[in-house]
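# Notes for the structure review
So the chains spell out like this:
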Amino acid sequence: MSQPPNTLPIIRELGEVDAEWMASLHSKAFAWHQRWDALAIRSLMAKPTTLSTGIAINNAWAGFIMTSFVVGESEILTIAIEPTQQRKGYAKLLIETFIAQQKSNGLEKIFLEVIETNIPAIKLYQSLGFSIISKRANYYAMPQGHEKQMVDALVLSKQLIG
């Protein structure tokens, strides 16, 4: 008799050895934007202030979150979910796990940037207590035929302590 698939998410810290699959997934999740290659991911992961956490479903990677921290604050650098696994709560689970880690580490605030057209992501962040604090004009370059259209980024933050 065969074992049923493990449908419970497995979350674990990632290392530089994971950079190849992370780059591949980032490319699929951000087809519209400048994607991070394995070299860029390894470079970020080599910094002691960077933390990356992945989520696997049925022994296959479904996504990851990459974060950075400094003196009481942290930033979500990127979060990428396999397109076939999106809108299943995995991004929320990764962010909730990250928030819990940051609280237990005594960090005070989390920041992130999101393209203003990504309404599902904005709603997710707001449901987790993030608030829009500013806008970065013309931050993202979106392909528009042979041209690039510049789109604003929203900066969000979540207060953890205080």
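Above this text sits the structure in question.
Residues numbered from 1 in each chain as written. Predicted model: local features only at pLDDT ≥ 70, side-chain atom pairs only at ≥ 80, totals over all residues. Heavy atoms only, no water.

### Looking at the side chain of Gln85
With respect to the helices and strands, Gln85 occurs in the loop between strand S4 (73–81) and helix H3 (90–104). At 3.4 Å, the side chain of Gln85 and the side chain of Lys88 are in polar contact. Setting aside its immediate chain neighbours within four residues, Gln85 contacts Ala62 and Tyr90. (Helix = DSSP H or I, 4+ residues; strand = E, 2+ residues; numbered from the N terminus. Polar contact = N/O pair within 3.5 Å; in protein donor to acceptor, adjacent residues only side chain to side chain. Contact = heavy atoms within 4.5 Å.)

### Things to note about the packing of helix H1 (residues 19–29) against helix H2 (residues 38–45)
In the contact formed by H1 and H2, the axes pass within 8 Å of each other and the chain directions differ by 120°. By the criterion of interaxial angle, the relationship of H1 to H2 is oblique. H1 and H2 meet at a crossing whose hand is right-handed. Between H1 and H2, the residues in contact are Ala19, Glu20, Met22 and Ala23 and Ala38, Ile41, Arg42 and Met45, respectively. For the contact of H1 with H2, the residue count by class is six nonpolar, no polar and two charged. (Axes fitted to C-alpha atoms, helices over the stretch in contact; angles between N-to-C directions. Parallel < 35°, antiparallel > 145°, perpendicular 65-115°, else oblique. Left-handed = near helix turned anticlockwise from the far one by under 90°. Nonpolar A, V, L, I, M, F, W, Y, C, P; charged D, E, K, R; others polar.)

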